[in-house]
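Examining the three-dimensional arrangement
Single-letter residue listing:
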Amino acid sequence: MKVSEITLDTVRGYARMDGRGEDVSPKLLLEAAKAFVRGYTGMTDEQIDQHEDLTAAVLMLCTDLYDNRQLTVDAPRANWLAEAILGLYKAAQQ
């Protein structure tokens, strides 16, 4: 699956959003995750779509953003797997 093919239902399911009193929209999470990937890698949407493993990173970021909506969280780092996947492309773009 390409990043551009991720649907809001995919985000809801992956992040286990049950719809009860949700204070954040899956669209917001998806757009923020895509923007993060673009900024982190320096890639365009078209380039991102050429790497299907980035779909997993986007979904992990959506879930991380959803799970850690507070200003303070227990874990001070981002998801290590998403960082590792994104890091592969950051190095390639330099």
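Residues numbered from 1 in each chain as written. Predicted model: local features only at pLDDT ≥ 70, side-chain atom pairs only at ≥ 80, totals over all residues. Heavy atoms only, no water.

Some details on the nonpolar core
Grouped together as the largest cluster of nonpolar side chains are 24 residues, with contacts concentrated most on I6, V11, L29, L54, V58 and C62. Among the secondary structure elements, those contributing two or more residues to this core are α2 (26–41), α4 (53–67) and α5 (80–93). Among residues more than four places away in sequence, those in contact with L29 are V11, M17, V24, C62, L65 and Y66. (Core = buried A, V, L, I, M, F, W, Y, C linked by side-chain atoms within 4.5 Å. Buried < 20%, exposed > 50% of the residue type's maximum accessible area, 1.4 Å probe, protein only. Helix = DSSP H or I, 4+ residues; strand = E, 2+ residues; numbered from the N terminus. Contact = heavy atoms within 4.5 Å.)

Brief notes about α2
If you check α2, its first and last C-alpha atoms are 22 Å apart, about what 16 residues at 1.5 Å a residue would give, namely 22 Å. Of the residues making up α2, those classed as buried are P26, L29, L30, A33, K34, V37 and T41. End-on view of α2: buried residues confined to an arc of 125 degrees, all on one side of the axis. Among the exposed residues of α2, those pointing more than 90 degrees away from its buried face are K27, L28 and G39. (Expected span 1.5 Å × (residues − 1). Arc of directions from axis to C-beta.)

Just distances and angles here, no functional claims.
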